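The residues making up each chain are set out below.
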Amino acid sequence: MTDKKFLPQLDESLPTDVFFHYFFLEAKTETLSHSHSWGQLHLIKQGRLEMEVDRQKMYCPANYAIWTPAHLSHRAFNHNDVEYCAINIEFEFELSQKLPTSACMFPLTPLLRAIVDDLVERQTTEVLSTEDKYLSYVLIERLSKTNPIENYLPFTDDKLLAPILMQLQENPADDSSLEIWAKRVFSTERTLARRFQKELKMSFNDWRQRAKLAKAMVLLKDAISINEIAYQLGYSQGSSFIKMFRKHTGVTPEQFRKEQQGK
């Protein structure tokens, strides 16, 4: 349940073509719906960020960023404490025209992450210096050439799928087959498989694995062992969890944890 409401202070225009906002948001804070005349790239340091953009729900782990174009209503909700950064990009700025005209997510490549980390660590707000302008230009250029995805962990209000997605998010250790889920929601395995592809553009198993990975990124913020995290995600052995995590992120869970703690 939402405990707190938050509405960012909005100006009529940006002081520079690229401008950074920073906020610390406590757990269970809802950012009220708002829009502005510039585009925005939303990032968090750790955990996950849930946003609703033009009535589309988006789920963003820390190694991705959500892009919302100008004039598009959006609101956010965070389950845990998050350090949030918004990179605001003026709509009339020439380079911004290369970015998508609809909401999407960008995976943060090592280069993108390094540029963002450098600007954020120096608490850059207005982009004024020649150095910072070059960095922001490279950031936008690289984003424009990065393949966006519609959503890392998409959701739907479909009456058959919604209860399944909610349960898997709350209890990622639930390894019930799609056949078992079909019985629980009074449907058939074939019907559910078709709806996953139609509504979410992925299979049941792919969605469940993404849910496990997203949950793992949240759990790695806490001082609990890798084996305990594996157990909470439904793995009988820590090695199986490590293999899955490394396959999808390129690093081990322990390396990911150290990288996040070092930021």
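Here the structure is shown first, and the text comes after it.
Residues numbered from 1 in each chain as written. Predicted model: local features only at pLDDT ≥ 70, side-chain atom pairs only at ≥ 80, totals over all residues. Heavy atoms only, no water.

Chemist: Describe in detail the sheet that holds strand β3 (residues 29–34), supporting the description with residues and values.
Modeler: The sheet built from five strands is open, its strands ordered β1-β3-β8-β5-β6 with mixed pairing. The strands lining the two open edges of the sheet, one partner per strand, are β1 (4–6) and β6 (56–61). The mean angle between the axes of side-by-side strands here comes to 20 degrees, regardless of whether they run parallel or antiparallel. Two strands pair when backbone bridges link them, and strand β5 (residues 48–53) and β6 are joined in this way by six bridges, in the antiparallel orientation. Across the sheet, Arg-48 pairs through a bridge with Pro-61, a residue of β6. (Pairing = 2+ DSSP bridges. Helix = DSSP H or I, 4+ residues; strand = E, 2+ residues; numbered from the N terminus. Axes fitted to C-alpha atoms, helices over the stretch in contact; angles between N-to-C directions.)

Chemist: Can you break down the pattern of salt bridges residue by residue, with the values?
Modeler: By the definition in use, this model includes 14 salt bridges. Glu-30 is the salt-bridge partner of Lys-5, the closest N and O atoms lying 2.8 Å from each other. Of this pair, Lys-5 sits in strand β1 while Glu-30 sits in strand β3; the two residues are 25 residues apart in sequence, bridging distant segments of the chain. A residue is classified by how much of its surface remains accessible, and Glu-30, at 10% relative accessible area, is buried. Between Arg-122 and Asp-132 there is a salt bridge, with its nearest N and O atoms 2.7 Å apart. Of this pair, Arg-122 sits in the loop between α1 (110–121) and α2 (130–144) while Asp-132 sits in helix α2, placing them 10 residues apart in sequence. Of the residues examined, Asp-132 reaches a relative accessible area of 7% and is grouped as buried. Linked through salt bridges whose partners overlap, the residues forming this network are Lys-5, Glu-30, Glu-52 and Arg-75. (Salt bridge = Lys/Arg side-chain N within 4 Å of Asp/Glu carboxyl O. Buried < 20%, exposed > 50% of the residue type's maximum accessible area, 1.4 Å probe, protein only.)

Chemist: Break down the packing of aromatic side chains for me, with residues and values.
Modeler: Here the structure, examined in full by the defined rule, presents 10 aromatic pairs. Judged by centre distance (5.5 Å) and plane angle (75 degrees), the rings of Phe-196 and Phe-204 are edge-to-face. A single burial state applies to Phe-196 and to Phe-204, both of which are buried. Between the aromatic rings of Tyr-235 and Phe-241, the centroid separation amounts to 5.9 Å while the plane-to-plane angle is 50 degrees, which identifies the pairing as tilted. On the accessibility criterion, Tyr-235 (15% relative accessible area) is buried. The buried category is assigned to Phe-241, whose relative accessible area is 0%. Joined through ring pairs, the aromatic side chains of Tyr-235, Phe-241, Phe-245 and Phe-256 make up one cluster. Looking at Arg-210, its charged tip hangs above the ring of Tyr-152, at a distance of 5.1 Å from the centre. Just above the ring of Tyr-235 sits the side chain of Lys-212; from NZ or CZ to the centre is 5.3 Å. (Phe/Tyr/Trp six-rings, centres within 6.5 Å; stacked < 30°, edge-to-face > 60°. Lys NZ or Arg CZ within 6 Å of the ring centre and 35° of its normal.)

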